[in-house]
Amino acid sequence: MGNMNTGSIVAEVSKRIDNIPSALSGTSMNNDVDRAIAHVEEYTGLSIGSTAIPPKYQNAIIYKTCIDVMTAIKAFGSDGGISLGDFSTNRGTGDNLANGIQVYTELLKMEKTILGKNFHYYKSNS
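What comes next is a walk through the structure. Once a new chain begins, its residue numbering starts again from 1 and follows that chain's sequence as written. Given that the model is predicted, a residue must reach a pLDDT of at least 70 before its local features are reported, and side-chain atom pairs must reach 80 or more before they are shown or counted; all residues, however, enter totals for whole chains, interfaces and linings. Note that water and hydrogens are dropped before the side-chain values are worked out from all heavy atoms of the structure.

## Let's talk about the pattern of salt bridges
- What counts as a salt bridge is simple: a side-chain nitrogen of Lys or Arg found within 4 Å of a carboxyl oxygen of Asp or Glu. Applying the stated criterion to the full structure yields 5 salt bridges.
- Between Glu12 and Lys15 there is a salt bridge, with its nearest N and O atoms 3.6 Å apart. One end of the pair is Glu12 and the other is Lys15, both in helix 1 (residues 6–16) and 3 residues apart, which spans about a single turn.
- The partner of Arg16 in a salt bridge is Glu12, with the nearest N and O atoms 3.4 Å apart. Of this pair, Arg16 and Glu12 both sit in helix 1, 4 residues apart, roughly one helical turn.
- The network of salt bridges with common partners includes Glu12, Lys15 and Arg16. Helix numbers and strand numbers start at the N terminus; a helix is a DSSP run of H or I with at least 4 residues, a strand a run of E with at least 2.

Following this line, the structure appears as structure tokens:
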């Protein structure tokens with residue numbers, strides 16, 4: 001797996017979430033990816049950027065973007081399907097988005113555990 005950019009993250013999220021409304025695709029999803037990158041950067045304390053995202057951070061950014069997109073779809077009032085490997089849900093149950101948000105939130109928590117968090121310490125000699 002090589003480095004990804006904002007566009008390839010958008011493409012990956014689009015594979016995982018069915019029927020993304022046109023109002024949320026394109027620039028809106030690019031902005032969601034940028035916010036997800038900022039979220040992971042803030043969490044790790046590292047600079048990741050949006051043009052050459054290392055594989056180590058890709059899952060966390062994808063999961064955070066999925067959460068944001070599904071939350072926006074839910075706010076739009078429509079229900080869509082999601083897929084994650086062999087797991088998938090279809091439109092029509094009314095809870096697909098809530099379940100998807102929950103699944104991706106748990107996955108994001110696991111990724112953050114794997115990534116760890118940088119702490120900056122200093123000693124004051126006064």
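## Points about the side chain of Thr65
- Among the secondary structure elements, Thr65 is positioned in helix 3 (residues 55–76).
- When its relative accessible area of 0% is taken as the criterion, Thr65 is described as buried.
- Contact between two residues is taken to exist if any of their heavy atoms lie within 4.5 Å; hydrogens are not considered. Setting aside its immediate chain neighbours within four residues, Thr65 contacts Ile9, Val13, Asp32, Val33 and Ala36. The cut-offs for exposure are 20% and 50% of the maximum accessible area for each residue type, with area from a 1.4 Å probe on protein chains only; residues under the lower value are buried, those over the upper are exposed, and the others partly exposed.

## Regarding the nonpolar core
- Buried residues of nine kinds, namely Ala, Val, Leu, Ile, Met, Phe, Trp, Tyr and Cys, make up a nonpolar core once their side-chain atoms join them within 4.5 Å. Counting residues in hydrophobic clusters, the biggest one holds 30 residues, and the most contacted among them are Ile9, Val13, Ile17 and Ile61.
- Elements with a minimum of two residues in this core: helix 1, helix 2 (27–44), helix 3 and helix 4 (96–115).
- Here the element with the most residues in this core is helix 3; it accounts for 10 residues.
- Here Val13 is in contact with Met29, Ile62, Thr65, Cys66 and Val69, once residues within four sequence places are set aside.

## Some details on helix 1
- Burial in helix 1 covers these residues: Thr6, Ile9, Val10, Val13 and Arg16. The buried residues of helix 1 occupy an angular sector of 120 degrees when projected down its axis, which confines them to one face.
- Side-chain atoms alone can form a polar contact between residues adjacent in sequence; in general such a contact is a pair of N or O atoms within 3.5 Å, and within protein one must be able to donate a hydrogen while the other accepts it. Two or three places before Gly7, at the opening of helix 1, Asn5 has a side-chain oxygen 3.0 Å from that residue's backbone nitrogen. Taken from the helix axis, the directions to the C-beta atoms give the arc we talk about.

## Remarks on the side chain of Lys64
- Looking at the secondary structure, you find Lys64 in helix 3.
- Using a relative accessible area of 18% as the deciding quantity, one classes Lys64 as buried.
- At 3.0 Å, the side chain of Lys64 forms a polar contact with the side chain of Asp68.

## A few points about the packing of helix 1 against helix 2
- Packing of helix 1 against helix 2 leaves a shortest axis separation of 9 Å and a crossing angle of 105 degrees. The pairing of helix 1 with helix 2 is recorded here as roughly perpendicular in orientation. Between helix 1, through Thr6, Ile9, Val10, Val13 and Ser14, and helix 2, the contact on the second element is made entirely by Met29, Asn30, Val33, Asp34 and Ile37.
- Any residue outside Ala, Val, Leu, Ile, Met, Phe, Trp, Tyr, Cys, Pro, Asp, Glu, Lys and Arg is labelled polar, Gly included; the first ten of those are nonpolar and the last four are charged. When the residues that make up the contact of helix 1 with helix 2 are grouped by side-chain class, the tally is 6 nonpolar, 3 polar and 1 charged. Only the stretch in contact is used when fitting a helix axis, every axis being a line fitted to C-alpha atoms; angles between N-to-C directions are given from 0 to 180 degrees. Working rule for angles: under 35 degrees goes down as roughly parallel, over 145 as roughly antiparallel, 65 to 115 as roughly perpendicular, anything else as oblique.

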